Protein chains: 4
Amino acid sequence: MARAPVLAENSRRAQSKAANRQQILDAARAVFAELGYEAASIRDVIRRTDLASGTFYNYFTCKEELRQAIADDSAARFRPLLQKAHDEAESFEDYVRRGFVIYFAFVAQESMAQQNGVLAPNFGYRIDTPEMMAVFTEVRAHIEEAIAQGLAPQLDADYFTAAAIGVARELGERMCQRLPLDPLAAAEFATRFVLAGAAAAAIS
Amino acid sequence: MARAPVLAENSRRAQSKAANRQQILDAARAVFAELGYEAASIRDVIRRTDLASGTFYNYFTCKEELRQAIADDSAARFRPLLQKAHDEAESFEDYVRRGFVIYFAFVAQESMAQQNGVLAPNFGYRIDTPEMMAVFTEVRAHIEEAIAQGLAPQLDADYFTAAAIGVARELGERMCQRLPLDPLAAAEFATRFVLAGAAAAAIS
Amino acid sequence: MARAPVLAENSRRAQSKAANRQQILDAARAVFAELGYEAASIRDVIRRTDLASGTFYNYFTCKEELRQAIADDSAARFRPLLQKAHDEAESFEDYVRRGFVIYFAFVAQESMAQQNGVLAPNFGYRIDTPEMMAVFTEVRAHIEEAIAQGLAPQLDADYFTAAAIGVARELGERMCQRLPLDPLAAAEFATRFVLAGAAAAAIS
Amino acid sequence: MARAPVLAENSRRAQSKAANRQQILDAARAVFAELGYEAASIRDVIRRTDLASGTFYNYFTCKEELRQAIADDSAARFRPLLQKAHDEAESFEDYVRRGFVIYFAFVAQESMAQQNGVLAPNFGYRIDTPEMMAVFTEVRAHIEEAIAQGLAPQLDADYFTAAAIGVARELGERMCQRLPLDPLAAAEFATRFVLAGAAAAAIS
DNA sequence: CATGAATGAGCATTCATTCAT
DNA sequence: CATGAATGAATGCTCATTCAT
C-alpha cells in the first residue's frame, strides 16, 4: 500500500512549487507585454525563467490556461475594487469618479510593476478577453441601474459604457507615457469628460 | 544583343504585377480578419490566391511588410477623408462631427466588406500600428491648431485626442454588433459626447 | 548503533513490495493490451496504480524490463503446462492434442482476463519475444525427440514446428473473435489438421 | 494572372520528386523492419535519407500515410499474383500449391531486397494491417467458393484459412533464416501439409 | 518573373528518468 | 522505500524563406 502523501503546506517542496508558478506567471506577463499574447510562445516564457521546458506543463496545460491565470489574476484584483467603488458611491458622479480613480491607479501600478512601462496592460494584453467583457457588462449594469433609479441621465447605456471604457483605455495608455505617472490627473480629466458627455448624450 | 525590356506602365507585365499584388492584399485582408494577424500564416494567404508560394516574396519580403501594406492601404483611404473633413469644417464642432461621421461610415463599410463583421477593423487588426499613431498625431495637430486659433476650448490636447479616439474605437466596435449598422447614430452620440467632454475638460 | 534491518520474507515491508510489484504488472498488462506495447507509456501504467511515478524505478529499470517481466510471467505459467503435456503424453498424437488443448485454453483464459478480447495475447503482445523463441525451441526439441524415438513421422522438424505454431497462433486469434469461446473446438481442428499435415509432409 | 504550370512528366523536377519519394519509402521499409512500425519515428526515417525533416511532409502527411503507402505497395504487388493463381488454377490442390509458391517467392524476394534478411516482411511489418485482412478475406472467399463447387472438402473455411495463413507466415520466417533461400521447398512443404490438413479437418 | 520543392529552425507537447525530500 | 517535481531530449509537425528550373 502506498503511504498517504504528507504534504505540509509550507514544506520546502510546496514553497518551491509556489515560487516556480509565480516565476512563470511573472515571465509570462513580461513576455506577453513585449510580444503580445499571440506572438509569444511558451518557449519565450520559459526561457525567461530558470526552469526547464517540460516544467511548464507541471503548472499549466497550455498557453491559453496561462493567459487565463494571468487575466483571472488581474480581474480578481480589479473587479472587487470596482464593486467597492460602486457600493460606496453616493451618487452617479461619485461612482464615475471612483471608478476612474481606481482604474488609473490600477493601470499605473501594473505599469510600474513591469520593467517596460510602454505597453499598457489593458487587463490582459488583448482587446477582448472574456474578463474585459465581464467588466464591460458589470459597468453597464451599474449604469443601467443608475439610470433606472434616476441617478444618471437617460441615455443609451451600451454606448455610454463603451464610450467611458474607450476613454479609460486610451487615456490609460497615454498616461503611462507621461512620467511621472499621475493617475489622479488622468482620473480627473476622464471624470469631467465623461460626466459632461453623459449629460450631453442624454436622450432629449 | 537583346534589347533591354521597355516596361511600359500599362504593359501586360505591369498589369499582371499589379493584379498579383492586389490579389495578395485582398487575400491577406480576408485571412487576417478570419484568423487574426498572428495566427494567420503566409501560407494561409497564398493558398487563398492562385499564385505560388515563392511568388509572395516578389511583392513583400515578410509578413510584417504585408501587414504594413494593408494598414497603409486603410490609412491611405482614411486619412484623405479626415483631411478633407478638416479642410471643409467651418468650426471645431463641425470638424468633430465630420470626423466621427466619416470614421463610423468607414468602419461600417469595412465591417460589411468582410464576411464576418465580428472582428473590429480598427485600422489594421492591431491596436498600435504606426498608422494609427499617425492618425492620432494628425488629429492632435488639428486640435492643437483649433485651440491655438481659439476655436476649441483650452485643454490638454493629448488627453483630449486620446479620449476622442477611445470613444471612436469602442463605439465603433459596439456599433458593428448592432444590426442594421447605423453609423450616423453612432456619430451623433460620439459628437455630442466628445464636444461636451471637451468643454468640461477645459483648463479652468 | 542501529540494528541492521532483518527483512523476513513475510514482513510487512516485503509484502508491500510484492504487492506493489504485482500492482504494476497488472496495470501494465491491461495498458499494453489496450494501447499496445509501443504506444503505452510508463506513465500510463503508473497512472493505473496508486503509486508515484518514481516508485516504478524501484521495481523495473525501464519499459523493456517490464515487458520482459510480463512475458516471463506468461511463459512461466505456460511452459510448465506444456512440459506436463509432454510428460504425460502417451503418444505423439496425444502430445499434439494435449499441446493444442492447453494452448487454446490458455489463450481463451488470457483473452477473457482482459476486458477487450480483441487483441490477441500471443504470449506477450509481440511476435518474436525471446520467450516465444524458447517455446518454439522447446516444442521442436519435443518433436525431434519423438522422431528419434520413431513415434513421429520422419520430417523436417523445424518446418513442422513452425507450421504447428503458425496454426496455433492464427487459429487462436480467430477463436477469440468467435463468441462464446470454444477452445476445445479449436484444439480439435488444429490437432486433426496438424497430425494429417505431419503425415503428409513426412520425408518420402 | 498566373501562368498554368507546365510540368513535364519527365522534367528534372519531376524526376527528383519521384526519386525523393522512393528514397523515403526505401528508408521507411528498412527502419520499420529494424525497429517495428510503432517504435520507428518519422525522424528515424528521414535520418536514413539525405533529405531535410520538413521535406517528409511534402510527400506524406503523417506516419500512418507512409505505412499505407508501403503496405499498398506490397499488397498491390501481391494480390494480383494471388488472383492470377486463383484464376489459372485447375483444381483446389493447384490453387493451394500456386498460392504457396507465389507467397514464398514473394517473401524471398522482399527478404533479399532488404539488407537485413532477418526480419520477415509479413506484408507490412505488423500482424494485422488492413491489407493483410484483405488478403485473408480474399483467400477465404476463394476457399468458400471451392467448397461450394465441391472442389475442396467440406470444412470450416474460416479456421482453414487461418491455419493456412499461419503456416505460410511462420514457415516464411523460418525460410528466411535458411540460406540459400529455397522458396520452392517451403512451398512444397506447406502445400502437402495444408492439403492433408484440409482433408483431415473436413466435417465428418 | 512565376513556380513549388527543399530547407531547417522553431514550436507545443510528451515522456523516461533522476533525485531531493 | 515512496514521493512527485524537475529535467531535457525527443517527437510530430508547421512555416517563412530560398533557389533551381
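Note that the structure is predicted; figures quoted are calculated from it, not measured.

A.B. asks: Please give an account of the overall build of chain A that cites residues and values.
C.D. replies: Helices and strands together make up the secondary structure of chain A, namely seven helices and zero strands. The N-to-C order of helical and strand elements in chain A reads α-α-α-α-α-α-α. Burial statistics for chain A: of 204 residues in total, 50% are counted as buried. The long-range fraction of contacts in chain A, counting pairs at least 24 apart against all pairs at least 6 apart in sequence, stands at 66%. For chain A, the accessible area works out to roughly 10,300 Å², and carbon and sulfur atoms hold 55% of it.

A.B. asks: Run through the pattern of salt bridges, naming residues and quoting values.
C.D. replies: All chains considered together, the criterion is met by 55 salt bridges over all chains. Two residues, Asp44(B) and Arg47(B), come together in a salt bridge whose shortest N-O distance is 3.1 Å. Of the two residues, Asp44(B) and Arg47(B) are both situated in helix H2 (residues 42-47); the distance of three residues between them amounts to about one turn of the helix. Arg47(B) gets classed as exposed once you look at its relative accessible area, which sits at 60%. Bridged by salt links that share partners, the residues Arg140(A), Asp156(A), Asp158(A), Arg174(B) and Arg178(B) form one connected network.

A.B. asks: Summarise the side chain of His86(B); cite the residues concerned and give the values.
C.D. replies: All names here are of chain B. Along the chain, His 86 turns up in helix H4 (residues 63-88). Classification of His 86 as buried rests on a relative accessible area of 18%. His 86 has contacts with Tyr 95, His 142 and Glu 145, leaving out every residue within four places of it along the chain.

A.B. asks: Talk me through the protein's contact with DNA strand F; I want residue IDs and the actual numbers.
C.D. replies: Surveying the vicinity of DNA strand F reveals 41 residues, the closest of which are Asn20(A), Tyr59(A), Lys17(C), Asn20(C) and Asn58(C). Backbone atoms, meaning sugar and phosphate, make up 62% of the atoms of DNA strand F lying within 4 Å of the protein. Here Thr55(A) contributes a side-chain N or O atom positioned 3.0 Å from a phosphate oxygen of DNA strand F. Between DNA strand F and Tyr59(C) there is a distance of 2.9 Å, counted from a phosphate oxygen to a side-chain nitrogen or oxygen. Taken together, the elements giving at least two residues each to the surface near DNA strand F come down to helix H1 (12-35) of chain A, H2 of chain B, helix H1 (12-35) of chain C together with helix H1 (12-35) and helix H2 (42-47) of chain D. A class-by-class count of the residues in the surface near DNA strand F yields 14 nonpolar, 17 polar and 10 charged.

A.B. asks: Give me H1(A): which residues, what numbers.
C.D. replies: Residues and elements named next belong to chain A. Here H1 contains 24 residues, and its C-alpha end-to-end distance of 34 Å stays within 8% of the 34 Å for a straight helix at 1.5 Å per residue. Inspection of H1 places Ala 14, Asn 20, Ile 24, Leu 25, Ala 27, Ala 28, Arg 29, Val 31, Phe 32 and Ala 33 among the buried residues, and these make up the whole buried set. Contacts made by the buried residues of H1 are with helix H2 (42-47) and helix H3 (63-88). Of the residues trailing H1, Gly 36 is marked for its positive phi of about 85°.

A.B. asks: Tell me about the protein's contact with DNA strand E, and please be specific about residues and values.
C.D. replies: Surrounding DNA strand E, one finds 41 residues, the nearest of these being Lys17(B), Asn20(B), Asn58(B), Asn20(D) and Tyr59(D). Sugar and phosphate atoms represent 61% of those atoms of DNA strand E found within 4 Å of the protein. At 3.1 Å from a base nitrogen of DNA strand E is found a side-chain nitrogen or oxygen belonging to Arg43(A). When residues of the surface near DNA strand E are traced back to their parent elements, those giving at least two are H1 and H2 of chain A, helix H1 (12-35) and helix H3 (56-59) of chain B, helix H2 (42-47) of chain C together with H1 of chain D. Ranked by the residues each element gives to the surface near DNA strand E, the list is headed by H1(D), at four residues. Residues of the surface near DNA strand E, tallied by class, amount to 14 nonpolar, 17 polar and 10 charged.

A.B. asks: Please set out the relation of the copies chain A and chain B residue by residue, giving values where relevant.
C.D. replies: When chain A is fitted onto chain B, the two copies agree to an RMSD of 1.0 Å after a turn of 178° and an axial shift of 0.3 Å. In symmetry terms, the pair is related by a two-fold rotation axis. A high fraction, 92%, of the interface residues of chain A reappear at the interface in chain B, so the copies pair face to face through one surface.

A.B. asks: Could you give an account of the confidence of the model for chain A, with specific residues and numbers?
C.D. replies: Caution applies to low-pLDDT parts of the model: their predicted coordinates are not meant to be read in detail. Residue and element names in this part refer to chain A. For chain A, the average pLDDT comes to 83, and 85% of its residues sit at 70 or higher. Scored below 50 in pLDDT, residues 1-7 shows four contacts in the model against residues more than four places distant or in partner chains. Per-residue pLDDT stays below 50 along residues 115-127; that stretch engages in 34 contacts with residues further than four places along the chain or on separate chains.

A.B. asks: Explain the packing of aromatic side chains to me, and be specific about the residues and the numbers.
C.D. replies: Counted under the stated rule, the structure contains 46 aromatic pairs over all chains. On the numbers, 5.1 Å between centres and 85° between planes, the contact of Phe32(C) with Tyr37(C) is edge-to-face. Counting every residue linked through ring pairs, the aromatic cluster contains Phe92(A), Tyr159(A), Phe160(A), Phe189(A), Phe193(A), Phe92(B), Tyr159(B), Phe160(B), Phe189(B) and Phe193(B). If you follow Arg178(A) out to its NZ or CZ, it ends over the ring of Tyr159(B), 3.8 Å from the centre.

A.B. asks: How would you summarise the interface of chain A and chain B if you had to cite specific residues and measurements?
C.D. replies: Between chain A and chain B, the contact holds 38 residues from the first and 35 residues from the second. A buried area of about 3,300 Å², summed over both sides, lies between chain A and chain B, and 61% of it is on carbon and sulfur atoms. When the area that chain A buries against chain B is broken down by residue, the three leading residues are Tyr159(A), Arg174(A) and Phe193(A), summing to 23%. Linking chain A with chain B are 12 residue pairs in polar contact (both at pLDDT 80 or more). Within the residue set of the side of chain A that touches chain B, elements represented by two or more residues are helix H5 (130-148), helix H6 (157-177) and helix H7 (183-201) of chain A. If one sorts the elements of the side of chain A that touches chain B by residue count, H6(A) sits on top with 14 residues. Class assignment of the residues belonging to the side of chain A that touches chain B gives a composition of 21 nonpolar, five polar and 12 charged.

A.B. asks: How would you summarise unusual backbone geometry if you had to cite specific residues and measurements?
C.D. replies: For the bond running from Leu179(B) to Pro180(B), omega is 0°, close enough to zero to count as cis. Looking at the secondary structure, you find Pro180(B) in the loop between helix H7 (157-176) and helix H8 (183-201).

A.B. asks: Before we move on, could you go through the environment of Phe106(B) and cite the residues and values that matter?
C.D. replies: Structurally, the position occupied by Phe106(B) is in helix H5 (residues 92-113). With 66 residues separating them in the primary sequence, Phe106(B) and Gly172(B) have C-alpha atoms 9.7 Å apart.

A.B. asks: Give me the lowdown on the packing of helix H6 (residues 157-176) of chain C against helix H7 (residues 183-201) of chain D, citing residues and values where you can.
C.D. replies: At a minimum axis distance of 11 Å, the contact between H6(C) and H7(D) shows a crossing angle of 55°. In terms of orientation, H6(C) and H7(D) fall into the oblique class. In this structure, the crossing between H6(C) and H7(D) has a hand that is right-handed. Contact residues: H6(C) offers Tyr159(C), Phe160(C) and Ala163(C), while H7(D) offers Ala186(D), Phe189(D) and Phe193(D). A per-class count over the contact of H6(C) with H7(D) returns six nonpolar, no polar and no charged.

A.B. asks: Can you break down the environment of Ala152(C) residue by residue, with the values?
C.D. replies: Structurally, Ala152(C) can be placed in the loop between helix H5 (130-148) and H6. In contact with Ala152(C), other than residues within four places in its own chain, are Phe92(C), Ala146(C) and Ile147(C).

A.B. asks: So what about the environment of Ala27(C)? Which residues, and what values?
C.D. replies: Mapped onto the elements of the fold, Ala27(C) is located in helix H1. Separated by 19 residues in sequence, Ala27(C) and Ile46(C) place their C-alpha atoms 7.4 Å apart.

Reading guide: rules and limits
- Residues numbered from 1 in each chain as written.
- Chains lettered and ligands numbered in written order.
- Predicted model: local features only at pLDDT ≥ 70, side-chain atom pairs only at ≥ 80, totals over all residues.
- Heavy atoms only, no water.
- Helix = DSSP H or I, 4+ residues; strand = E, 2+ residues; numbered from the N terminus.
- Buried < 20%, exposed > 50% of the residue type's maximum accessible area, 1.4 Å probe, protein only.
- Contact = heavy atoms within 4.5 Å.
- Areas by Shrake-Rupley, 256 points an atom, 1.4 Å probe, with all protein chains shown as cover.
- Salt bridge = Lys/Arg side-chain N within 4 Å of Asp/Glu carboxyl O.
- Near = heavy atom within 4 Å.
- Polar contact = N/O pair within 3.5 Å; in protein donor to acceptor, adjacent residues only side chain to side chain.
- Nonpolar A, V, L, I, M, F, W, Y, C, P; charged D, E, K, R; others polar.
- Expected span 1.5 Å × (residues − 1).
- Least-squares fit on C-alpha atoms with pLDDT ≥ 70 in both.
- pLDDT = per-residue confidence, 0-100.
- Phe/Tyr/Trp six-rings, centres within 6.5 Å; stacked < 30°, edge-to-face > 60°.
- Lys NZ or Arg CZ within 6 Å of the ring centre and 35° of its normal.
- Buried area = accessible area lost by both parts, 1.4 Å probe.
- Axes fitted to C-alpha atoms, helices over the stretch in contact; angles between N-to-C directions.
- Parallel < 35°, antiparallel > 145°, perpendicular 65-115°, else oblique.
- Left-handed = near helix turned anticlockwise from the far one by under 90°.

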